[in-house]
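Now for the letters of each chain:
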Amino acid sequence: MVRERDQALVVDNVTKRFGGVVALQRVVLEVAPGERRAIVGPNGAGKTTLLNVLSGLIRHDEGRIYVKGVDVSALSAARRSRLGLGRTFQVPNVFAGLSVEANLWLAAEAGRRWGGRGNGGVVLRGTATGSVAELLQMCGLEDVRHNVTAFLPYGKVRRLEVALALAARPSILLLDEPTAGLSEAESEELLELIRKLGRSVTVVVVEHNMEFALKLADRVSVLHQGRVLWEGKPSEITNASEVVQVYFGE
Amino acid sequence: MRGRWGQAIGGLAVAVALLLAPFVLSSYYLGLLATALIMALFAKSLSVLVQWLGLPSLGHAAHFGVGAYAVGILGRLGWSVGGAGGAASVGGVAGLCVALLLGPLALRARGGYFLLATLALAQVLWGIAMKWIALTGGEHGLVVVGWAGSGGQSTGTYYEMAGVVFGVTVGLWWLLGSDFGRVLVGIRENETRMAVLGWNVEGYRYAAFLLAGAGAGVAGGLHALHNGFVSPSELSIATSAEVLFMVLLGEQLAARGVGQFASPLLGALVVVLLKHVVSSYTERWQMVMGLAFMGVLALRGGGRKRW
Amino acid sequence: METWAGQVLNGFAFGMLLFLVAGGLSLVYGVMRVVNMAHGACYMVGGFVGWSVTEATGSFGAALIGGAAVGGVLGWAVERLTSLFRGQELVQALVTFGLGLGLSDLSLVIWGGRPLILEAPQLLSGSVELLGLRVARYRLFLIGAGVVLGAGLWWLLERSRLGAEIRAAVDNAEVAWALGVDAPGLYRRVAIVGGALAGLAGVLGGPFLGIYRGLDMDILLLSFAVVIIGGLGSLEGTWLGSLLVGLTHSVGGYVWPEGSYVILFGIMALVVVLKPTGLLRRM
């Protein structure tokens, strides 16, 4: 279909069940290349499940997922990643026993091998070591480059989490609650970082922090009980009665 | 990179020691040293599975034994392998073939299942070696026209043996220190993240398994030549247990200061010496090893575990 | 005597024996998540003890009790040993492996290296006419014993309190503990039962397979083949796997003696590739 090819990410009626519980119900989503999309919703709405299904860590039951026009429904997480899909984890999922530098090398080498292919993607220096140096600076991790991540303070680990995702040079970046545990100032820094990435990278953010989401996003999708309840511009959300109901009516 | 230089210097020191050994040791002990070197390579190949993939295999004798039998069977068919290099190559290829076959089977299993699978697969090969008398000589084994003579180890053959072992070990050292090794470490530390970053985790695991199998096969081929004899015991659980014991002991040594790379090599040396000493006093080597096995596991205690 | 029918019967008898051994292995894994590598040694030591008891008392029944008792004790020892390493599946398995090695060598010391023959009691020896064929009475006994014990195990699992606890623990350990099932107590009982079954099987298998050095590993391998094929933790799977392995090993060994292990390998490989969790694994 024409629309799959044009869009960065297309979620076509995806359903996911865990036993008797329906976590995602015929979810439809289309994200344009270079767009900043925020996915918000109350707890249990299915946001993290959606990310896991998108990145390929969980197989969905019905529907299709297209990444840059390619049907990835049957592809493994690694294969999807090599098409340009990257993600962060809500709870930092780093290489705890290795140094920050070693962590980044693994991601940067991946990025060197199959990142930035075709159109767009995070732009970094050509070699793995070069991009590691660049990322250390970009994410404020230079002072801890030799430290083993298991002993780093939480704030630094969160930065590493983002840096790892960037190092792989994704053209579509999925961020899972990136501001969780961050201060106001740190959230601003993250916002700046994402802005600097430019429109060659599509960014989808799952967030609980409404303020951050609205500041970042071009469009917002609201998830509720596994369905897309509402979608529109940040400026329109306060007028959307269904959203208000869901957030404040309960 | 400082660590690599330190290792290189250590390696050079070992090379010098090996060169000088024939001048210091009697031919009897030289033969023992040759055995230790072969076992060291065997243990090192297993350590790739244990320390790099976190998969302690109880069936590593499969590759070792088939490597040994390859040399023996070729000899029986009239083809001489010609020296240590030939034996190593034949053994290595045989070990690789076994790994190619067993890899997809063993790697599907995790945890206790993996131990089960590797042990069972090796035992099956042992059973085949016992029963397929036409090919393997069954229980009575095969005589390999090699270097094992009643006069003990000759210096020339020792140098050939030591040279091959040293060379292969250096090759392993280089490979494990390269990007390939770093990727293996990543897989060991956080497999999920590696997959999400795009790495082909199964592919690398398989490659590491093949490497371990080939290494063990090389050791097996050399063993056949050195021993002059191949029998099903080369494929036995006892052999798998012994080499695993070497690696586990090496881990304990590493925890107490011995270098990571050298630890299985040293573990092998210790076990070969231990077995030699124990065997001269009692026949109960298996019981001693069983107890020591449990002991070494009990010592593992705190700290970060790779498996 | 060694006709096709004879071999098939042999296979069934062998399958029953394997069921007893592999059943214990499967149960222990299902409840404790421990792969007991000393299980083959339990079988062998049980057989050796049974031999000693028959030598001393002449009673097969006493031998059965003796074998089961010693097996139970060894099972208890395995539980105690592995409790030191709770949660570390690989370490636990390796520790039992070390124990198995030690036990194997110890039995060499006690009983010597020559193969021993455990005589079946008069009542069960010799052969009998069945449907026009001569069949060994002992094989029929083994099949019968296997069916009875199998039914007993089934009854234990489905109808007794212990069985309920076992099934709960196998299905969902956390919920079972939360509901008050006493974990250490359960582990101990299951380990003892598993070991006793192996020891008993060792005596039962004496007149059938003999008792010899290396028997522990032979039995261990076949039990492993059974659980790999049938699935760890499933009694039905163990039943199916035992029959399959017993029959193919007997009949296959009759048709192609050199290749009995090749056939076994082939089946195992097929199952691992096509259905890695085993044919009937419940979990």
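Criteria and cut-off values
- Residues numbered from 1 in each chain as written.
- Chains lettered and ligands numbered in written order.
- Predicted model: local features only at pLDDT ≥ 70, side-chain atom pairs only at ≥ 80, totals over all residues.
- Heavy atoms only, no water.
- Helix = DSSP H or I, 4+ residues; strand = E, 2+ residues; numbered from the N terminus.
- Rg over C-alpha atoms; globule rule 2.2 N^0.38 Å.
- Contact = heavy atoms within 4.5 Å.
- Areas by Shrake-Rupley, 256 points an atom, 1.4 Å probe, with all protein chains shown as cover.
- Lys, Arg positive; Asp, Glu negative; His and termini not counted.
- Charge placed at Lys NZ, Arg CZ, Asp CG, Glu CD.
- Buried area = accessible area lost by both parts, 1.4 Å probe.
- Salt bridge = Lys/Arg side-chain N within 4 Å of Asp/Glu carboxyl O.
- Polar contact = N/O pair within 3.5 Å; in protein donor to acceptor, adjacent residues only side chain to side chain.
- Phe/Tyr/Trp six-rings, centres within 6.5 Å; stacked < 30°, edge-to-face > 60°.
- Buried < 20%, exposed > 50% of the residue type's maximum accessible area, 1.4 Å probe, protein only.
- Lys NZ or Arg CZ within 6 Å of the ring centre and 35° of its normal.
- Nonpolar A, V, L, I, M, F, W, Y, C, P; charged D, E, K, R; others polar.
- Pairing = 2+ DSSP bridges.
- Core = buried A, V, L, I, M, F, W, Y, C linked by side-chain atoms within 4.5 Å.
- Axes fitted to C-alpha atoms, helices over the stretch in contact; angles between N-to-C directions.
- Left-handed = near helix turned anticlockwise from the far one by under 90°.

(A) Main features of the overall build of chain A. A count of helices and strands for chain A gives 9 helices and 10 strands. What you see for chain A is a C-alpha radius of gyration of 18 Å, in line with the 18 Å of a compact globule of 250 residues. With respect to the principal axes defined by its C-alpha atoms, chain A has extents near 50 × 40 × 35 Å. Contacts spanning at least 24 positions in sequence make up 67% of the contacts within chain A whose residues lie at least 6 apart. Per element, the accessible surface of chain A, about 10600 Å² overall, is 51% carbon and sulfur. When the 31 positive and 28 negative side-chain charges of chain A are each reduced to one mean point, those points stand 7 Å apart.

(B) Summary view of the interface of chain B and chain C. Facing the 40 residues of chain B at the interface are 43 residues of chain C. Both sides together, the interface formed by chain B and chain C hides about 3600 Å², and carbon and sulfur atoms give 79% of it. The three residues of chain B that bury the most area against chain C are B:Tyr113, B:Leu116 and B:Lys131, which together make up 18% of that side's buried surface. Run the count over chain B and chain C and you get 1 salt bridge. As a salt-bridge pair, C:Asp105 and B:Arg284 come within 3.1 Å of each other at their nearest N and O atoms. Remark: the boundary between chain B and chain C carries 4 residue pairs in polar contact (both at pLDDT 80 or more). At the level of elements, helix H4 (83-106), helix H5 (112-131), helix H11 (237-255) and helix H13 (285-298) of chain B are the ones that each hand at least two residues to the side of chain B that touches chain C. By residue number, the principal contributor to the side of chain B that touches chain C is H5(B), which donates 14 residues.

(C) Expanded view of the packing of aromatic side chains. Evaluated as defined, the whole model comprises 14 aromatic pairs over all chains. Ring geometry for B:Tyr158 against B:Tyr159: centres 5.5 Å apart, planes inclined by 55 degrees, an arrangement best described as tilted. Overall, the relative accessible area of 0% leaves B:Tyr158 in the buried class. For B:Tyr159, a relative accessible area of 29% translates into the label partly exposed. Between C:Phe60 and C:Tyr138, the aromatic rings sit 6.4 Å apart at their centres with planes inclined by 80 degrees, giving edge-to-face as the arrangement. Taken as a pair, C:Phe60 in helix H3 (residues 60-83) and C:Tyr138 in helix H5 (residues 137-159) lie far apart in primary sequence, 78 residues in all. A single burial state applies to C:Phe60 and to C:Tyr138, both of which are buried. Feature note: the residues A:Trp114, B:Phe180, B:Trp199 and B:Tyr204 constitute an aromatic cluster, connected by ring pairs. Its guanidinium or amino end placed over the ring of A:Phe89, A:Arg87 lies 4.2 Å from that ring's centre, counting from NZ or CZ. One Lys or Arg, C:Arg33, reaches over the ring of C:Tyr29 and ends 5.9 Å from the middle of that ring.

(D) The interface of chain B and chain A, seen in detail. Contact residues are listed per partner, giving 18 residues for chain B and 26 residues for chain A. At the boundary of chain B with chain A, total buried surface from both sides reaches about 1800 Å², with 63% on carbon and sulfur atoms. Looking at the side of chain B facing chain A, the largest losses of area belong to B:Arg193, B:Leu197 and B:Trp199, adding up to 37% of the total buried there. Taken together, chain B and chain A are joined by 1 salt bridge. B:Arg193 is paired through a salt bridge with A:Glu161; the nearest N and O atoms lie 3.0 Å apart. Inspection of the region where chain B meets chain A yields 13 residue pairs in polar contact (both at pLDDT 80 or more). Residues of the side of chain B that touches chain A, tallied by class, amount to 8 nonpolar, 5 polar and 5 charged.

(E) Summary view of the pairing of strand E2 (residues 133-136) of chain C. All names here are of chain C. Across 4 bridges, the pairing between strand E1 (residues 127-130) and E2 is antiparallel. Among the inter-strand pairings, Glu129 is bridged to a residue of E2, identified as Arg134. Taking the residues between adjacent antiparallel strands as the criterion, E1 and E2 are bridged by 2 residues, where Leu131 takes a positive phi near 55 degrees.

(F) Region of the structure containing the nonpolar core. Counting residues in hydrophobic clusters, the biggest one holds 240 residues, and the most contacted among them are A:Leu104, C:Phe97 and C:Phe224. With 17 residues, helix H2 (residues 27-53) of chain B is the single largest residue contributor to this core. Residues in contact with A:Leu104, not counting those within four places in the same chain, are A:Val132, A:Leu135, A:Leu136, A:Leu160, A:Ala163, A:Leu164 and A:Ala167. A:Leu24, A:Val31, A:Leu54 and A:Val72 belong to the second-largest nonpolar core, a separate cluster that totals 23 residues.

(G) Representation of the packing of H3(C) against helix H8 (residues 183-209) of chain C in the model. All names here are of chain C. Look at H3 against H8: their axes get within 6 Å of each other, and the N-to-C directions meet at 140 degrees. When the axes of H3 and H8 are compared, the crossing they make is right-handed. Side by side, H3 and H8 meet where Phe60, Ala63, Leu64, Gly67, Ala68, Gly71, Gly72, Gly75, Trp76 and Glu79 of the first sit next to Pro184, Tyr187, Arg188, Ala191, Ile192, Gly195, Ala196, Gly199, Leu200, Val203, Leu204 and Pro207 of the second. Taken together, the residues that form the contact of H3 with H8 break down as 14 nonpolar, 6 polar and 2 charged.

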